[in-house]
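Descriptive structure summary
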Amino acid sequence: MRIARFSIDGNVAFGAVEGDSAPGSEDELVLDIIKGIPFADFELSGTKVPLGKVRLLPPVLPNKVVAIGRNYAEHAAELGNEVPDVPVAFFKPSTSVVGPGDPIAYPSFSQELHHEAELAVVIGRMCREVPRDRVKDVVLGYTCANDVTARDVQQRENQWARAKGFDSSCPLGPWIETDLDPGDLAIGCTVNGEQRQLGRTSQMVRSVEDLIVHITEAMTLLPGDVVLTGTPAGVGPLNVGDEVAVTIEGIGTLTNKVIKRG
């Protein structure tokens, strides 16, 4: 099931996305409004609205986003880094999250903004110390993410909080796919239609299971929390006016435009 969060006539709701989401057929998609929330038992209302009549929102509003750095060997190498012995985890605040179609505001303190296409894991239930064979039980589904990074700030500051946590640095969407095997999916990024990144999730150094086990050894994850799993090689610059799109096989495409921060 594809679950979207959207607003219509000033109201916010979740809906199941129905129809073919292949490029060019998006106008045929409809949303069957969900009774309740997707983190508990819910029913489909049977009330349907065309996707084109609503505004898609971030599919979740996470309490926290836990991101993993250098989880693709070729990406680590392109920035002159080694693959770490243990996963490198950092946080992106909830205020960094925006949805499909929302602008990415170029931060005034940076001169080098980069895109990073990533598979995002959406947590479906409160969990900690999750054993490997139970990871699937705590995952609601998967969505596209862009770990937008002020690369110059990241390189000159020991902590990555400002470089990766500024407002609008975590686009998520367009929806959550609940029926998906994340083991070997094509993942890519285009800027103004030009292919920048193209890889597969099978290239991750550590799998989704590895990451959830590692993270929950230290902290509790809550329903709606998001785990970013790292980016393949090919990261590169974004400029004001650019349109950046992250596409993941089996999920869809997340598109945002870069604007000058006002």
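Summary of the structure given here. (Residues numbered from 1 in each chain as written. Predicted model: local features only at pLDDT ≥ 70, side-chain atom pairs only at ≥ 80, totals over all residues. Heavy atoms only, no water.)

Structural notes on the sheet that holds strand E9 (residues 104-106)
For clarity, the cut-off: Here, a strand pair is defined by DSSP locating no fewer than two bridges between the strands. The helix and strand labels rest on DSSP assignments: H or I over at least four residues marks a helix, E over at least two residues marks a strand, and numbering proceeds from the N terminus. Lines are fitted to the C-alpha atoms to define the axes, a helix being fitted only along its stretch in contact, and any angle between axes, read from their N-to-C directions, falls within 0 to 180 degrees.
Reading across from one edge, E9-E20-E19-E15-E16 is the order of the five strands in this open sheet, with mixed pairing throughout. Whereas interior strands pair on both sides, the edge strands pair on one side only; in this sheet they are E9 and strand E16 (194-200). Within the sheet, the average angular offset between the axes of one strand and its neighbour, ignoring direction, is 20°. Pairing of strand E15 (residues 186-191) with E16, which is carried by six bridges, proceeds in the antiparallel orientation. The residue of E16 that forms the bridge with Ala186 is Arg200.

Thoughts on helix H5 (residues 208-216)
For clarity, the threshold we go by: Each residue's exposure class comes from its accessible area (1.4 Å probe, protein chains only) as a fraction of the maximum for that residue type: buried when under 20%, exposed when over 50%, partly exposed otherwise. Working rule for contacts: check all heavy atoms of both residues, and any pair within 4.5 Å makes them a contact.
For H5, every residue scored as buried is listed here: Val208, Leu211, Ile212, Val213, Ile215 and Thr216. Taken together, the buried residues of H5 touch strand E6 (65-69), strand E11 (117-123), helix H2 (135-138), strand E12 (139-146) and strand E17 (226-228).

Quick look at the nonpolar core
Here is the rule: For the purposes of this section, nonpolar cores are sets of buried Ala, Val, Leu, Ile, Met, Phe, Trp, Tyr and Cys residues that join through side-chain atoms within 4.5 Å.
Leu31, Leu113, Tyr142, Trp175, Ile212, Ile248 and Ile251 are the most contacted members of the largest nonpolar core, which totals 52 residues. Of the residues forming this core, the biggest block, five residues, is contributed by H5.

Quick word on unusual backbone geometry
With an omega of 0°, the peptide bond running from Gly173 to Pro174 counts as cis. Looking at the element boundaries, Pro174 is found in strand E14 (residues 170-177). Here the phi dihedral of Arg70 falls at roughly 55°; this positive angle occurs in a residue that is not glycine. Mapped onto the elements of the fold, Arg70 is located in the loop between E6 and helix H1 (73-78). Unlike most non-glycine residues, Asn192 shows phi in positive territory, near 55°. As for its placement among the helices and strands, Asn192 is situated in the loop between E15 and E16.

Some details on the pairing of E6
Of all five residues in E6, five are buried, a share of seventy percent or more. What you see with E6 is no split at all: Val65, Ala67 and Gly69 on one side and Val66 and Ile68 on the other are buried throughout. As paired elements, E6 and strand E7 (residues 88-92) share five bridges and run antiparallel to each other. Counterpart to Ile68 in the pairing with E7 is Ala89. When E6 meets E17, the two strands line up parallel, connected through three bridges. When the sheet's bridge partners are listed, Val65 is paired in E17 with Val226.

Looking at the packing of aromatic side chains
Condition: Only Phe, Tyr and Trp rings are paired, with Trp represented by its six-membered ring, and only when their centres lie within 6.5 Å; those with planes under 30 degrees apart are stacked, over 60 edge-to-face, the remainder tilted. Working rule: Lys NZ or Arg CZ, within 6 Å of ring centre, within 35 degrees of ring normal, means a charge sits over the ring.
Following the criterion strictly, the structure yields two aromatic pairs and no others. Between Phe90 and Trp160, the ring centres sit 5.2 Å apart and the planes meet at 70°, which makes this aromatic pair edge-to-face. Highlighted residues: Phe90 in strand E7 and Trp160 in the loop between helix H3 (151-156) and helix H4 (161-165), separated in sequence by 70 residues. Residue classification places Phe90 among the buried residues on the basis of a relative accessible area of 10%. Classification of Trp160 by relative accessible area gives buried; the value is 17%. Between Phe109 and Phe166, the ring centres sit 6.3 Å apart and the planes meet at 80°, which makes this aromatic pair edge-to-face. On the criterion of sequence distance, the pair formed by Phe109 in the loop between E9 and strand E10 (113-115) and Phe166 in the loop between H4 and E14 is long-range, its members being 57 residues apart. Taking NZ or CZ as reference, Arg2 lies 5.8 Å from the ring centre of Trp175, over its face.

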